[in-house]
Amino acid sequence: MKTIILSRNILFFFAFTLVSFSDPYTIKRVSDKNFRYEFYTTDKKIKPKENKTYYWFKGGLIHESQGGVTGDLLNGKFTKTYHNNKLAKQGEFKNGLRVGVWKTWHTNGVLATTQDWYKGLRSGKFFRYDENGNLIENGKFTADIKTGKWINREKKDTLMYKRGGIVIQKPSLSKSEKYKLKQDTKKIEANKKAKKELEVTNDAKKLANYKTETKEEEKKAKENLKEEKTIVKKQSINKPKKDSKMKIFFKNILKKK
């Protein structure tokens, strides 16, 4: 009788397992060496978006991928537990995307993190705690990007974020420091102005020198040209005139006689 009851229980367990894997609206239960998982799925077909990570179930395993799906999407409440039955993670999926508040726990059962999600993107406040429950980090996400003030008590650091980038904050100065900075700035600007004026003055002097040199060169060239013309003219005056062909002809005749 006990054997028959045991066999029936085993058959029931396998039947339940098969139904849970095949029916997307029945809770699924799977496990690995570290955790156990309970979740629901849907066979709804969607068009995945490239910038979002989807969670889906296939072949007895939970998978995640960005911009693609090849199984039944996780949909509804999700629970992840340690093998000592203490919670490890809890949240909710909608068509494969994380939504709402997600929480994680340390192995001792103390809350580790809380994070708001919207359509698969971190969006809202984030808190992180140590194993004693002390808040060690908090901030805010907008569309999966850090924004606003983030405080890290472990590193004793506070950072401001804008569009995911760290904003460098100007140091707070005393009145004397502000006055000194103002005077130093004035001196720097005055030096720049004086240097600029000196450059302009030097350039004007250079330009004037260039113009003077050019005029002198042009004047000298004119004088040289005038001298050359005078020399040529004198040479042409002193040079004996050549006899004409007719005169040379009669001279030759007279020589023969």
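These lines cover the structure that appears in this document, whether it is placed above or below. (Residues numbered from 1 in each chain as written. Predicted model: local features only at pLDDT ≥ 70, side-chain atom pairs only at ≥ 80, totals over all residues. Heavy atoms only, no water.)

## Digging into the side chain of Gln-115
Phase 1 of the analysis: With respect to the element layout, Gln-115 can be found in strand E8 (residues 111–118).
Phase 2 of the analysis: By relative accessible area, Gln-115 is classed as buried at 7%. (Helix = DSSP H or I, 4+ residues; strand = E, 2+ residues; numbered from the N terminus. Buried < 20%, exposed > 50% of the residue type's maximum accessible area, 1.4 Å probe, protein only.)

## Section: the pattern of salt bridges
Phase 1 of the analysis: Inspection of every chain in the model, using the stated rule, returns five salt bridges.
Phase 2 of the analysis: With a closest N to O distance of 2.8 Å, Arg-122 and Asp-144 form a salt bridge. With Arg-122 in strand E9 (residues 121–129) and Asp-144 in the loop between strand E10 (135–142) and strand E11 (145–152), the pair connects residues that are 22 residues apart, well separated along the chain.
Phase 3 of the analysis: Given a relative accessible area of 31%, Asp-144 falls into the partly exposed group.
Phase 4 of the analysis: Residues Arg-128 and Glu-154 are paired through a salt bridge, measuring 3.4 Å at the closest nitrogen-oxygen approach. (Salt bridge = Lys/Arg side-chain N within 4 Å of Asp/Glu carboxyl O.)

## Examining the environment of Thr-79
Phase 1 of the analysis: On the secondary structure map, Thr-79 appears in strand E5 (residues 72–82).
Phase 2 of the analysis: Separated by 24 residues in sequence, Thr-79 and Lys-103 have C-alpha atoms that sit 10.0 Å apart.
Phase 3 of the analysis: Residues within four places of Thr-79 in sequence aside, it is in contact with Arg-36, Tyr-37, Glu-38, Leu-87, Lys-89 and Gln-90. (Contact = heavy atoms within 4.5 Å.)

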